[in-house]
Amino acid sequence: MASLKLKHIYKVYEGGVKAVNDFNMDIEDKEFIVFVGPSGCGKSTTLRMIAGLEEITAGELMIGDEVVNDVEPKDRNIAMVFQNYALYPHMTVRENMAFALRMRKDISEEEIQQRVQEAAERLEIVQFLDRKPRALSGGQRQRVSLGRAIVRSPKVFLLDEPLSNLDAKLRAQMRTEISKLHKQLQTTFIYVTHDQVEAMTMGTRIVVMKLGVVQQIDTPTNLYDYPGNKFVASFIGTPQMNFFDATLKQTGDNVEVVFANDRHINVPAESFVKTDRKYMNGDIVVTLGIRSEDVHVEPEFVEAHASTAIECQIGIIEALGSEQLLYCELDPEGDNSAESGMRLVLKVDPREHYELGQTIKVALDPNRIHLFDKDTEMTIIPRVPKSNILKAKVTGGKALIEGTEFKLPEALPLTDGEYVFDVPSDAFFFDTYEEEAEKFDEEKYQTSYAPLEDKFKSQGFKTPVMPLAHEDFKVELPKGDTKVAVEAVENFGKTKLLRLKFKTASVFAVANQTIADNVKEVNLAIDWKKVSVRQGEEAVCEALNLFNDLPGLMVKEKTTKKTFNFGLEVAGQVFYTNDYIQEKLFNAAGRKVFATELEVDFTPYGVKFAPEGVKATVNKVVDYGYEKFAVCQVGDKEINVLIRTGDVVSAGMDVCLSLDINKLGLVEAERGIRII
Ligand code: ADP
């Protein structure tokens with residue numbers, strides 16, 4: 001039994017193929033995880049890295065509490081089941097199953113026989129124990145290879161397309177058996193397949209991949225109901241979701257949707273309440289998606305949903321027994337191929353009779369419409385909206401944002417007038433806000449630089465190095481003071497989404513678990529640094545950039561002994577690195593690391609003014625009331641630094657900056673690989 005953590009995992013094959021790109025996931029004990037995606041998307045590579053059969057180019061793989069990047073496959077306590085069974089042909093089933101246990105030498109022959117017998121009974125292959133693999137069918141061989149995995153009682157089962165050599169009927173049967181096995185064994189399973197039916201029926205959570213990049217990680221139901229992008233929407237579900245170019249225009253409580261050869265439907269605005277208003281002006285072309293079962297032909301449904309009803313002509317009828325598919329033409333004169341955006345496929349009752357060429361009236365389920373940005377292909381009905389676009393009227397330093405009043409900070413010196421505020425949903429503070437106590441693994445990270453300094457001094461490190469400590473980087477956040485009613489609370493794992501009632505609009509705000517599900521009112525403050533302001537088309541004020549980056553390099557210096565000290569050079573200044581960081585750099589970039597350009601990234605909270613360090617000049621100070629930041633010039637880069645109590649900083653000053661090594665990120669610039 002074990003949990004797994006994959007942190008910034010990359011695989012670059014020799015020759016430069018980036019097969020896996022920044023894979024991040026926490027897998028809990030006893031989960032059944034399925035990696036799914038088209039051939040070549042990096043599923044097997046990821047699985048093989050977990051197994052230890054493939055080296056991890058960069059990133060950290062943890063099984064339980066242990067980092068296993070450099071642990072031999074046989075010591076990872078993992079069992080793998082392959083598509084081609086990988087049985088030894090000259091051994092009997094019994095010998096095949098016992099083989100790995102015999103290699104271990106710490107298990108008695110009696111126990112081996114007992115484990116083999118138990119596994120064989122569980123898999124109903126007792127009668128084949130003395131046969132050789134060639135005397136077994138494909139299904140039976142796959143059972144033996146499952147048995148060989150079970151006898152080892154591994155912490156994690158890895159299965160790579162185990163059913164793809166079997167015929168359809170046997171596949172369906174083995175699917176249920178593997179699910180049953182997972183329940184009985186109470187162990188973590190990771191299963192690779194290109195078959196979405198296997199993924200949907202077996203996984204507790206599914207990872208959809210494309211070209212080495214994770215597209216979405218979610219439960220089967222959520223993937224189906226809330227695909228995060230068009231790729232996921234089209235990959236999951238048969239027949240494929242229907243897609244159309246469409247425009248949206250909000251008029252009062254409705255949104256008029258125009259699509260497919262100038263067909264008009266009206267959808268209640270509530271269905272698109274989480275959609276950015278910018279898509280609602282009738283000009284921007286978006287992609288509308290609707291699944292074939294969410295288009296209805298039943299007269300009662302069509303009558304009840306007259307505002308989303310359209311007419312179309314049946315072009316093809318596919319009777320599949322349990323269901324019937326109608327391929328309808330929305331432009332009978334033109335192209336009605338799958339790619340034309342003029343074809344609507346719907347699933348109907350197989351016992352109803354339809355004629356080719358018949359014109360039918362169908363209605364779209366307004367609550368099941370999906371919308372995607374045409375360029376990015378990302379959903380524009382996100383479950384958790386990133387941002388709120390709000391109208392605001394400013395008078396005398398106060399802003400009436402959708403009718404609710406807030407005092408503006410110095411950093412937003414707006415003259416009286418009308419504006420549009422873009423307020424991200426994570427830009428709110430609440431009265432109940434409690435800072436989560438940060439947990440630090442003292443062994444792994446450095447909470448104080450004193451021991452480092454001693455070590456480096458005693459080893460005669462010649463380059464001036466800067467201390468990097470955690471204790472100096474704490475911040476306090478403000479509490480809210482504007483009372484706002486809460487209309488709804490939705491739960492998403494560790495976060496909550498509040499729908500707040502401003503006077504003239506609903507506003508979405510992300511909160512943590514300290515807020516109760518039945519909360520009726522909150523005290524709110526806005527995190528102004530995340531807000532950007534427009535007036536008409538013109539950007540008046542940008543949000544503060546929270547992602548600083550500077551050029552970096554790993555450096556080494558010979559010590560008095562026959563060893564090296566390693567440092568991280570940031571914008572010309574060398575910093576200490578602790579063992580943890582050094583190890584990561586080596587794992588990632590190997591010996592080439594010293595010739596490798598790095599990007600060092602950090603937030604304004606992970607950097608502070610210090611007597612020595614990266615040299616910078618303060619361009620200006622921005623004051624958000626509860627927080628102030630210095631905008632600093634470092635070479636040709638501008639970075640933002642939190643001004644803490646006791647810091648004396650003003651525009652034009654030359655300063656030195658120190659970084660918090662526990663919080664910085666490192667990217668290998670050329671290959672675009674995140675090391676930390
Ligand atoms: P999947 O399992 O999703 O079909 P893979 O993980 O097998 O995909 O492959 C991902 C990508 O890596 C593909 O582009 C594949 O061609 C490439 N690849 C896989 N193995 C190697 C290898 N040993 N050397 C070079 N490229 C490889």
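These figures come from a predicted structure and were not determined experimentally.

What counts and what doesn't
- Residues numbered from 1 in each chain as written.
- Predicted model: local features only at pLDDT ≥ 70, side-chain atom pairs only at ≥ 80, totals over all residues.
- Heavy atoms only, no water.
- Buried < 20%, exposed > 50% of the residue type's maximum accessible area, 1.4 Å probe, protein only.
- Helix = DSSP H or I, 4+ residues; strand = E, 2+ residues; numbered from the N terminus.
- Pairing = 2+ DSSP bridges.
- Domains from an automatic or database assignment.
- Contact = heavy atoms within 4.5 Å.
- Buried area = accessible area lost by both parts, 1.4 Å probe.
- Near = heavy atom within 4 Å.
- Polar contact = N/O pair within 3.5 Å; in protein donor to acceptor, adjacent residues only side chain to side chain.
- Areas by Shrake-Rupley, 256 points an atom, 1.4 Å probe, with all protein chains shown as cover.
- Axes fitted to C-alpha atoms, helices over the stretch in contact; angles between N-to-C directions.
- Phe/Tyr/Trp six-rings, centres within 6.5 Å; stacked < 30°, edge-to-face > 60°.
- Lys NZ or Arg CZ within 6 Å of the ring centre and 35° of its normal.
- Disulfide = S-S within 2.5 Å.

S.K.: How do you make sense of the pairing of strand E40 (residues 665-668) when you look at a structure like this?
M.R.: Sheet faces and side chains relate simply in a regular strand, where the side chains alternate between the two faces. Alternating residues of E40 divide into Gly-665 and Val-667 and Leu-666 and Glu-668, and every residue in both groups is buried. Relative to E40, strand E35 (residues 598-602) runs antiparallel, the two being bridged by four bridges. Looking at E40, one finds that Leu-598 is bridged to Glu-668. Two strands pair when backbone bridges link them, and E40 and strand E41 (residues 673-674) are joined in this way by two bridges, in the antiparallel orientation. Its bridge partner lying in E41, Glu-668 is registered against Ile-673. Remark: four residues form the turn of the hairpin made by E40 and E41, two consecutive strands paired antiparallel; Gly-672 in that turn has positive phi of roughly 65°.

S.K.: Could you clarify how one ought to interpret the domain arrangement of the chain in this entry?
M.R.: Note: interface size is frequently given as the accessible area lost on complex formation between the parts. Domain annotation of the chain identifies domain 1 (4-233), domain 2 (239-373), domain 3 (389-435 + 476-541) and domain 4 (548-674). Taken over C-alpha atoms, the centre of domain 2 sits 36 Å from the centre of domain 3. Domain 2 puts four residues into the contact, and the matching count from domain 3 is five residues. For the pair domain 2 and domain 3, the two sides together bury roughly 410 Å², of which 56% comes from carbon and sulfur.

S.K.: Could you clarify how one ought to interpret the site of the ligand in this entry?
M.R.: The immediate surroundings of the ligand are formed by Tyr-13, Val-17, Ala-19, Pro-38, Ser-39, Gly-40, Cys-41, Gly-42, Lys-43, Ser-44 and Thr-45. In this structure, Tyr-13 approaches the ligand through a side-chain N or O atom, which is 3.3 Å from a nitrogen atom. Gly-42 places a polar main-chain atom, nitrogen or oxygen, 3.0 Å from an oxygen atom of the ligand. Surface burial for the ligand is 59%, taken as the share of its 560 Å² of free accessible area covered by protein chains. Looking at which element gives the most residues to the shell around the ligand, the answer is helix H1 (residues 43-51), with three residues.

S.K.: I'm lost on H1 in this one. Help?
M.R.: Turn by turn, an α-helix covers 3.6 residues, leaving residues three or four places apart pointing in a common direction. When you tally the buried positions in H1, you get seven out of nine residues, the bulk of the element. Remark: Gly-52 follows H1 within two positions and exhibits a positive phi of approximately 95°.

S.K.: Explanation requested: the sheet that holds strand E26 (residues 482-492) in the structure shown.
M.R.: Neighbouring strands of a sheet are bound in pairs by backbone hydrogen bonds; such pairs are parallel or else antiparallel. Read from one edge to the other, the open sheet built from five strands follows the order E25-E29-E26-E27-E28, with strand pairing classed as antiparallel. Both outer strands of the open sheet, strand E25 (428-430) and strand E28 (506-512), are each paired with one neighbouring strand and no more. Strand-to-strand, the axes of this sheet are offset by a mean angle of 50°, without reference to chain direction. Bridge analysis of strand E27 (residues 495-501) against E28 gives seven bridges, and the strand direction is antiparallel. The residue bridging Arg-499 from the neighbouring strand is Phe-508, located in E28.

S.K.: How should the packing of aromatic side chains be read in this particular structure?
M.R.: Evaluated as defined, the whole model comprises 14 aromatic pairs. Here a set of aromatic residues connected by ring pairs shows up, and it is made of Phe-32, Phe-157, Phe-189 and Tyr-191. The lysine or arginine in question, Lys-230, covers the ring of Phe-243, its NZ or CZ lying 4.9 Å from the ring centre. Just above the ring of Tyr-224 sits the side chain of Arg-291; from NZ or CZ to the centre is 3.9 Å.

S.K.: Whenever I open this one, the state of the cysteines confuses me. Can you help?
M.R.: Disulfides are covalent bonds that connect the sulfur atoms of two cysteines. On inspection of all chains with the given rule, the structure shows zero disulfides. Sulfur of Cys-656: no disulfide; nearest cysteine sulfur belongs to Cys-632 and is 11 Å away.

S.K.: How do you make sense of the side chain of Asn-69 when you look at a structure like this?
M.R.: Relative to the elements of secondary structure, Asn-69 occurs in the loop between strand E5 (66-67) and strand E6 (78-81). A distance of 2.9 Å separates a polar atom in the side chain of Asn-69 from the backbone oxygen of Gly-59. One polar contact links the side chain of Asn-69 to the main-chain amide nitrogen of Leu-61, over a distance of 2.9 Å. For Asn-69, the residues in contact, after removing those within four places along its chain, are Ile-56, Gly-59, Glu-60, Leu-61 and Arg-76.

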